[in-house]
Amino acid sequence: MRPNPLSRLLRFLPLAALGVVLAGSSVTDSMAATPRVESPFLWKVDGAQAPSYLFGTIHAGVSARELPQRVGVAISQSELFIMETAPAKGMVQMADSAPMDLDLAKYAHRSGAKILTLETLRFQLDLLSKLGSKEEIAAMLAEDAAAEMATAPLVNAYRSGDENLLMAEAIPPNPDMQELLLDSRNRRWSKKLAPVLAKGGAFVAVGAGHLPGERGLVTLLRDRGFSVERA
């Protein structure tokens, strides 16, 4: 049986969405023995005092251990680590199955960076509720076996580092859903990030689907006068 088409939204849903199912799920069981990411979705942003970085994460299916060393180096050189939201209580204890976002945040904390967030957990949970009830989301995700998720087209697009392929898989086909999940949030984030990036020294980690494209963060920040180049 083909999985529910909405199940692929997991990979770029707000991080809060994973709190619905991860604690008792095998969603990330297959992460440890998967191919490495050779071309990460990493952009360098020029700042007045130091460069900043935009990094596209994937919330399930790929481990932070698969990322190349230059991602960790960029984090260790940054004073701020900015992510979508703080995780739900209990997610931080899942050392063996933590989403990439959380593993990177833990590394940033150990490196001495201050952790900041773009959205509150309540905002993301309210956003999630517009897609369905907790039970509906959990049932949707249960349709995907761990093996299928490890070979899903979006996971492969992420590992390839191909922006066009990522957009073909990650951008919702429904314009209203794209506006809700990506575009409106990108506009708010670009405004919020602008003064931080102007100074420099920040590492911004958000779902990879937020970065490329005409309405993605890379373009929005370039429109604000920033030099943003793939690193």
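Residues numbered from 1 in each chain as written. Predicted model: local features only at pLDDT ≥ 70, side-chain atom pairs only at ≥ 80, totals over all residues. Heavy atoms only, no water.

With respect to the confidence of the model for the chain
Now for step 1: For the chain, per-residue confidence averages 80 on the pLDDT scale, and 72% of positions sit at 70 or higher.
Now for step 2: Note on residues 20-33: pLDDT is under 50 here. Beyond four places in sequence and across chains, it has 27 contacts.
Now for step 3: Below a pLDDT of 50 lies the segment residues 92-96, which in the model reaches five contacts outside its immediate sequence neighbourhood of four places, other chains included. (pLDDT = per-residue confidence, 0-100. Contact = heavy atoms within 4.5 Å.)

A word on the packing of aromatic side chains
Now for step 1: According to the stated counting rule, one finds five aromatic pairs in the structure shown.
Now for step 2: Relative to Trp-43, the ring of Phe-41 lies with its centre 6.4 Å away and its plane at 25 degrees, an arrangement referred to as stacked. Grouping residues by exposure puts Phe-41 and Trp-43 together as buried.
Now for step 3: With a centroid separation of 5.5 Å and 40 degrees between ring planes, the pair formed by Phe-41 and Tyr-158 is classed as tilted. (Phe/Tyr/Trp six-rings, centres within 6.5 Å; stacked < 30°, edge-to-face > 60°. Buried < 20%, exposed > 50% of the residue type's maximum accessible area, 1.4 Å probe, protein only.)

Side note on the sheet that holds strand E6 (residues 228-230)
Now for step 1: Strand order across the open sheet formed by six strands is E4-E3-E5-E2-E1-E6, with mixed pairing between neighbours. Because the sheet does not close on itself, it has two edges, and the strands there are strand E4 (114-117) and E6. Looking at each pair of strands side by side, their axes are set apart by 25 degrees on average, direction ignored.
Now for step 2: Where strand E1 (residues 42-45) and strand E2 (residues 52-57) come together, four bridges link them in antiparallel fashion. Residue pairing for E2: Lys-44 is matched across the bridge by Tyr-53.
Now for step 3: Along the sheet face, helix H1 (residues 69-76) touches E1, E2, strand E3 (80-83) and strand E5 (202-207) and points at about 130 degrees away from the line of E5. (Pairing = 2+ DSSP bridges. Helix = DSSP H or I, 4+ residues; strand = E, 2+ residues; numbered from the N terminus. Axes fitted to C-alpha atoms, helices over the stretch in contact; angles between N-to-C directions.)

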